[in-house]
Amino acid sequence: MTIAQPHDISVANSTTPSGLKVGIPKEVFPGECRVAATPDTAKKLQKLGFEVLVETQAGAGAKFSDRAYTEAGCQVLPDAASLWNTADVVLKVRAPQWHPSLERHEADLLRPDSTLVSFIWPAQNPELLERLSHQGGTVLAMDAVPRITRAQKLDALSSMANIAGYRAVIEAANQFGRCFTGQITAAGKMPPAKVLVIGAGVAGLAAIGAAKGLGAVVKAFDTRPEVKEQVQSMGAEFLELHFQEDGSGEGGYAKVMSQAFIAAEMALFAQQAQEVDIIITTALVPGKKAPLLITRDMVESMTPGSVVVDLAAEQGGNCEMTQPGDITTYNNVTIIGLTDLPSRMASQASQLYGNNLYHLLSDLGGSENFDINLDDEVIRATTVVQGGQVIWPPPKPETPASAPVKPAATPVAVAPEPKQKGLVGQLFWPAVIGLAFVAIGLWAPESFMSHFTVFVLASFLGWKVIWDVSPSLHTPLMSVTNAISGIIIIGGMLQISSDITSPMTILGAIALFLGTVNIAGGFMVSQRMLNMFHK
């Protein structure tokens, strides 16, 4: 794509060579405290060859002063107009909207030869896409990054969902009237809080981790069976419905389920609402209104003082009583419908989002080789407007018009089934083994027979005693080595006699010592491994 030549602007305290200019405007969305670049991520952008321009007070809400940006080598500009007019690449958090100070829409500030990177939500904002396209620039939507392994470092949705899930538990704890962890004191016993997390995506898993860390008893539900192990690994109970139906959708999201499944799901939630103290909902289906999971009747059945945190409030909410952007009380149950949870941890959220943007600009080639490569599936999915043209949604992967005709399979001769062995064949090897034992008994010396008897008994005893120990105490490999060491110890003990100068006594003592060290060391290593899983 064509990029405007950088303007001649001196950057205070910067050793960055002249290159494309990245602009960081102040967010104008009411209550938004995040910023698209922190002083730390600004330094990373400079290493890619970019000059970083920051609107004054852009990071104030996240506790980043203009001085911090200046010391990081950025140039602080006095207003939004000068930044949009100067920057070649504008990085934002919220989608462009009406700017109260300029009395203009931010979309109208985009220059034809510049690039905008921010959350856009193209499915929900088609009018905004059209408005941006009229400016002739290029727009990349961070919410459109595909959820594939290669794009994880760019996945801003997951970064913000992680923050939101953690903050949801903090908000619930603030509104909840009791401790999360159970306690026994002289004044009485306090039971632990019971938390139900609906949806075990990034936000749900973060909420599970935070609630478990505070000492709550956590249950979780999700329509995707593959998340069961993740939930259980975090110490939560996974609630299951015994349906032969998979809720896994595209991009790691859940899909819309059948009516029978939804009915069983709602019955489960109704039962759990009467038992738990806190419900955290995170269920979303891309491009659709948030599904209704917690009805008015369920809220009324909850214990007074309970809390519902609705992370889907911005898309309509999973709870029927949710008021988006507000905290309300219904029937003595607090319903948290806040839509700015990541913004309430602005410093941390800005750092994570800034890192996502840094990785994106790095994949775009940095300042020297900046290019919107639409042949890259990640960049193609993220780009929603290019050169004034709306190119969202991205085309689906092409499938061949007709599958190649496979050559007819050549008949394969089926081997005849082997004939069943006769009685002589079945008894051959047992007879050989029996004759070998008879030969050993007739011609082997008496000392060999005693040693052989001890060896056989030690083998059986070692196998039975050691192998039957629960694997939770030590690994199967440790079981085998301990069994072998046990055999060596028994053999060594039998070789020790009163003659301490005898070679057999010395070798037996050495075998006894080494076998003991091996068993003791094995159990010490196993104990250290088990301690890794203790809090």
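What comes next is a walk through the structure. Just so it is clear, the structure is predicted and the values come from calculations on it, not from any experiment. (Residues numbered from 1 in each chain as written. Predicted model: local features only at pLDDT ≥ 70, side-chain atom pairs only at ≥ 80, totals over all residues. Heavy atoms only, no water.)

1. Some details on the overall build of the chain
Helix and strand content of the chain: 15 helices and 19 strands. Counting only residues that meet the buried cut, the chain has 42% of its 535 residues in that class. For the chain, restricting intrachain contacts to residue pairs at least 6 apart in sequence, the fraction spanning at least 24 positions comes to 66%. Entry remark: accessible area of the chain is about 28,800 Å², with carbon and sulfur atoms responsible for 60%. (Helix = DSSP H or I, 4+ residues; strand = E, 2+ residues; numbered from the N terminus. Buried < 20%, exposed > 50% of the residue type's maximum accessible area, 1.4 Å probe, protein only. Contact = heavy atoms within 4.5 Å. Areas by Shrake-Rupley, 256 points an atom, 1.4 Å probe, with all protein chains shown as cover.)

2. Considerations on the pairing of strand 16 (residues 327-330)
Summarising the sheet, strand 16 and strand 17 (residues 333-336) pair through four bridges and their orientation is antiparallel. Its bridge partner being in strand 17, isoleucine 327 is matched across the sheet by isoleucine 336. What sits between the antiparallel neighbours strand 16 and strand 17 is a turn of two residues, in which asparagine 331 has the positive phi angle 55°. (Pairing = 2+ DSSP bridges.)

3. Quick notes on the sheet that holds strand 8 (residues 138-141)
Spatially, the eight strands line up as an open sheet ordered 3-2-1-4-7-8-18-19, and their pairing is mixed. Two strands bound the open sheet, and with one partner strand each, they are strand 3 (75-77) and strand 19 (389-390). Direction of pairing for strand 18 (residues 383-386) relative to strand 19: antiparallel, over a ladder of two bridges. Note that in strand 19 the partner of valine 385 across the bridge is valine 390.

4. A closer look at the side chain of aspartate 310
Among the structural elements, aspartate 310 can be located in strand 15 (residues 307-310). Lacking a salt bridge, the buried aspartate 310 has lysine 289 as its closest oppositely charged neighbour, with an N-O distance of 8.6 Å. In contact with aspartate 310, other than residues within four places in its own chain, are Thr281, Gly317, Asn318, Cys319, Thr322, Ile336, Gly337 and Leu338. (Lys, Arg positive; Asp, Glu negative; His and termini not counted. Salt bridge = Lys/Arg side-chain N within 4 Å of Asp/Glu carboxyl O.)

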